[in-house]
Amino acid sequence: MARIDITDLVKVYDSGDESIVAVEDLDLGVKDGEFLVLVGPSGCGKSTTLRCIAGLEDVTEGSIHFGDREVTDLRGSERDVAMVFQNYALYPHMTVRQNIGFGLKLSSSLPSAEIAERVESVAEMLGITPLLDDKPKELSGGQQQRVALGRAIVREPAVFLMDEPLSNLDAKLRAEMRTELQELQHDLDVTTVYVTHDQTEAMAMGDRIAVMNDGILQQVGPPEDVYRSPANEFVATFIGSPSINLLTAEVDGTTLSGPAGFTYELSNPEPVEGRSRVRVGVRPEDITLVKGGSNRATVSVVEPMGNENFCYMELGEHELTARIDPTLRPQAGEEVAFAFDESALYLFDVDTGEALKTKTDAVAAGIGTEAR
Amino acid sequence: MSTKHTSDGYHRLWDRFRSFRRELTERTPSLTRSQVAYLLISPFFVLFGLFLLFPIVYTIYLSFFEYQGVGDGRLFYVDLGPIFFEVPRIAELQFVGFGNYTSMLADGLFWQSMFNTTYILAIQVPIMIGLALALALALNAGFVRFKGVFRTAIALPVSANIVAYSTIFLILFNETGFINYLLSVVGVQPIEWMRSEFWARKTIVGAVTWRWTGYNMIILLAGLQTIPQQLYEAAEIDGASRWEKFRYVTLPQLKPVLLFVVVLSTIGTFKLFAEPYVITGGGPTNATITIVQYIYEEAFVGSPNLGYASALTVVFVAIVSVISIVQIKIGGDD
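What counts, and at which threshold
Residues numbered from 1 in each chain as written. Chains lettered and ligands numbered in written order. Predicted model: local features only at pLDDT ≥ 70, side-chain atom pairs only at ≥ 80, totals over all residues. Helix = DSSP H or I, 4+ residues; strand = E, 2+ residues; numbered from the N terminus. Rg over C-alpha atoms; globule rule 2.2 N^0.38 Å. Buried ≥ 20, exposed ≤ 12 C-beta atoms within 10 Å, placed from the backbone. Contact = placed C-beta atoms within 7 Å. Core = buried A, V, L, I, M, F, W, Y, C linked by C-beta atoms within 7 Å. Domains from an automatic or database assignment. pLDDT = per-residue confidence, 0-100. Pairing = 2+ DSSP bridges. Axes fitted to C-alpha atoms, helices over the stretch in contact; angles between N-to-C directions. Expected span 1.5 Å × (residues − 1).

Novice: Tell me about the overall build of chain B, residues and numbers included.
Specialist: Looking only at helices and strands, one finds 13 helices and 4 strands in chain B. For a compact globule of 334 residues, the expected C-alpha radius of gyration is about 20 Å, and chain B comes in at 29 Å, more than 25% above that figure. Dimensions of chain B along its principal axes, counting C-alpha atoms only, are 85 × 65 × 50 Å. In chain B, which comprises 334 residues, the share counted as buried stands at 26%. Relative to all contacts within chain B whose residues are 6 or more apart in sequence, the contacts with residues 24 or more apart total 68%.

Novice: Could you give an account of the nonpolar core, naming the residues involved and the relevant values?
Specialist: Within the largest apolar cluster, 105 residues are counted, with the highest numbers of intra-cluster contacts made by Leu38, Met83, Leu161, Val193, Tyr194, Ala210 and Val211 of chain A. Ignoring any residue separated from it by four or fewer positions in sequence, one finds Leu161 of chain A in contact with Leu50, Ile53, Ala54, Val81, Met83 and Val193 of chain A. Core analysis: the next-biggest nonpolar cluster, separate from the first, contains 44 residues, Trp193, Val205, Ala207 and Tyr308 of chain B among them.

Novice: Outline the domain arrangement of chain A, listing residues and values.
Specialist: You can read the domains of chain A as domain 1 (4–234) and domain 2 (242–371). Each of domain 1 of chain A and domain 2 of chain A has a C-alpha centre, and these two points are 37 Å apart.

Novice: Quick rundown of the confidence of the model for chain B? Include the residues and the values.
Specialist: Summing up the model confidence of chain B, the mean pLDDT is 86 and the portion of residues at 70 or higher is 96%. What the predictor reports for the complex is a pTM of 0.78 with an ipTM of 0.83.

Novice: Any chance you could break down the sheet that holds strand 3 (residues 35–39) of chain A for me, citing the residues and the numbers?
Specialist: All names here are of chain A. Spatial ordering of the open sheet is given by 6-7-8-3-9-10, a layout of 6 strands whose pairing is mixed. The open sheet terminates on both sides in strands that have one partner only, identified here as strand 6 (81–84) and strand 10 (216–221). Across the sheet, the axes of successive neighbouring strands diverge by a mean angle of 20°, strand direction being ignored. In terms of strand pairing, strand 3 meets strand 9 (residues 208–213) through 4 bridges, oriented parallel.

Novice: Residues and numbers for the interface of chain A and chain B, please.
Specialist: Listed by partner, the interface residues are 16 residues for chain A and 14 residues for chain B. Breaking the side of chain A that touches chain B down by element, the ones donating at least two residues are strand 6 and helix 2 (96–107) of chain A. For the side of chain A that touches chain B, the element with the most residues is helix 2 of chain A, which contributes 4 residues.

Novice: Can you explain helix 13 (residues 306–331) of chain B? Please cite residues and give values.
Specialist: All names here are of chain B. Spanning 26 residues, helix 13 covers 37 Å between terminal C-alpha atoms, matching the ideal 38 Å at 1.5 Å per step. Every buried residue of helix 13 is accounted for by Leu306, Gly307, Tyr308, Ala309, Ser310, Ala311, Leu312 and Thr313. The elements touched by buried residues of helix 13 are helix 2 (33–62), strand 1 (65–70), strand 4 (91–95), helix 3 (99–105), helix 4 (108–140) and helix 12 (291–300).

Novice: Go over the sheet that holds strand 19 (residues 335–339) of chain A, please, and point to the residues and values.
Specialist: Residues and elements named next belong to chain A. With antiparallel pairing, 5 strands are arranged side by side in an open sheet as 15-19-16-17-18. Where the open sheet ends on each side, the last strands, each with one partner, are strand 15 (288–290) and strand 18 (318–324). If you compare each strand with its neighbour and ignore which way they point, the axes differ by 50° on average. Where strand 16 (residues 296–304) lies against strand 17 (residues 309–315), 6 bridges are found, and the strand directions are antiparallel. Paired with Val302 across the two strands is Cys311, which belongs to strand 17.

Novice: Go over the pairing of strand 10 of chain A, please, and point to the residues and values.
Specialist: Residues and elements named next belong to chain A. Note: strand 9 against strand 10, 5 bridges, orientation antiparallel. Of the residues in strand 10, the one forming a bridge with Ala210 is Val220. Where strand 9 folds back on strand 10, the antiparallel hairpin that results is connected by 2 residues, among which Asp214 adopts a positive phi of roughly 50°.

Novice: Outline the environment of Leu173 of chain A, supporting the account with residue identities and numerical values.
Specialist: Following the sequence through the fold, Leu173 of chain A ends up in helix 5 (residues 171–188). Sequence separation between Leu173 of chain A and Gly141 of chain A is 32 residues, and the spatial gap between their C-alpha atoms is 9.6 Å.

Novice: Hey, could you go over the pairing of strand 7 (residues 159–163) of chain A for me, with residue numbers and the actual values?
Specialist: All names here are of chain A. Of all 5 residues that make up strand 7, 5 are buried, and the element is covered over most of its length. Burial along strand 7 is two-sided: Val159, Leu161 and Asp163 and Phe160 and Met162, pointing in opposite directions, are all buried. One ladder, built from 4 bridges, connects strand 6 with strand 7; its direction is parallel. By the bridge assignment, Val81 is partnered in strand 7 with Val159. When strand 7 meets strand 8 (residues 191–196), the two strands line up parallel, connected through 5 bridges. When the bridges of strand 8 are listed, Phe160 appears paired with Thr192.

In structure tokens form, the structure reads like this:
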């Protein structure tokens, strides 16, 4: 177990005369025993960051510490980390037993009886005891996933690293493994860095999530903070499903006016003072359909989810999404009026995307701190 | 219009073709589905039977006879009045039973050639495959530059004509040749490459290795490149050293390819013929005569001894098959 401190990490790939900056000036601390999720779109540098922590990539600049131990220039084999790969990377010619025990055999001085015992107990914990003498190719994806996990767990490493470990599983199994993985990490209490491009997974699993884009760390924080108070427009867009609705509005005193006749009257114009234009954001769940109102949009599609409906609407050229009550079934082509509270409103700088105002509605009693 | 006329002519021709085709279809006996299938695959079997199966069977047949010259007269004939054909005797043969095989046991030159072939094989194949593997590993490593150039250069000897390159080896390793000149430059006594039993065999080993290392390297390199990079990363994380990665990832992953290369090289070297024939002529005093060379000499040099040569061939094929099967059994997938 260890704290991870990443300081001013830079990773540049040189290919001939071209150099690509994969990670730029990353500062990140992971607390001892914490489950940190690195999330971002493809090519954002999250996997590269993980591979730098693992020691599979050289660091161009900056340093990485595990606790008080500097590991920046150590080889992966000397760092005491365990990693679960996206496609599991099990050794095809070894049995499950050999796969799980391989790391201990190489990196520890344990007697083979002790290794065998540990492999058995990990296999039991993961429910793969009957598979111990099978080869990886005889296993299903989910079983291979468990073996890969077992291989990581048995080492009792200082740090767990997981590179999209669930993305090759089907949706149902993925949800199951998500829960199981969280429980496992909680029980083992090992510092874990988990990479995913799936924001739902990130929200669900992380103690904290770190959002990356274009090699730059955008924001780190507990999932609900990142959701409610995104640092910028990118984070607001990336976190949350369906995505936040965004449009550009002109500012005139306290009035915001957007495309297709959209207007909104701010009671607190402070965030937009001195600005002529601003990006307006509203989460789909904060939009309500109302009877009568100045803001109107045309319904294009309604997707019934069972417990709620996703209502896609057109506001001029813009698409708006609202999560509405399943009893509401507006028809395609129907013109509806919509509204939202100012407390639910997000405002971003037009040029930098920096957040000017985020959600200020009270975290409802019952899910807040009072309830604990 | 001229186009209309042409088009009319075309249609008329097409109609004639169609009526011809219909007539043909009606006249030819109809075939069942399986008959058509057999008809379509028959060319292969005809060619296979004529050029592969018959020679094999006839070789085995010949091995029980003593060859006494080209046959005259006929083996049998068919006389159906207007149709008459005869199959001539290929050879004048004297049945000797297992005579050819028993005389092999007492044939010193047979044992000599077997020994020579095995000796060359036992040295040449391990050296060549070791070298090919080392080169493939080096070319597969990240740090080597100009990979393409090296790869091509190393594989190039494969395209050399066997007799041509053997001749060049003959010239290079001549007593007054370039190799001895180089040795004299660094102060080493010239070596009697062709007159010493030891060095003559090493010259053959060198020549064959030069010709085939690149070929095997390409196959091994292709095998190395199919090993997923992630396995090495997983091994790195598991704490493996460079050697342990080779031992626990590369070797087991490369095993099928390695086995293929070993079997192929063993068969190839066992069939060695042109190199000793051109470079050493089998000498000195039969020290480099190989089994295939001996078969060739029995069969075609001096008074042809086809029966005995056939028996030698049968034994040779049996030995190669046994060795290959053993290799596959030992190295094959568990």
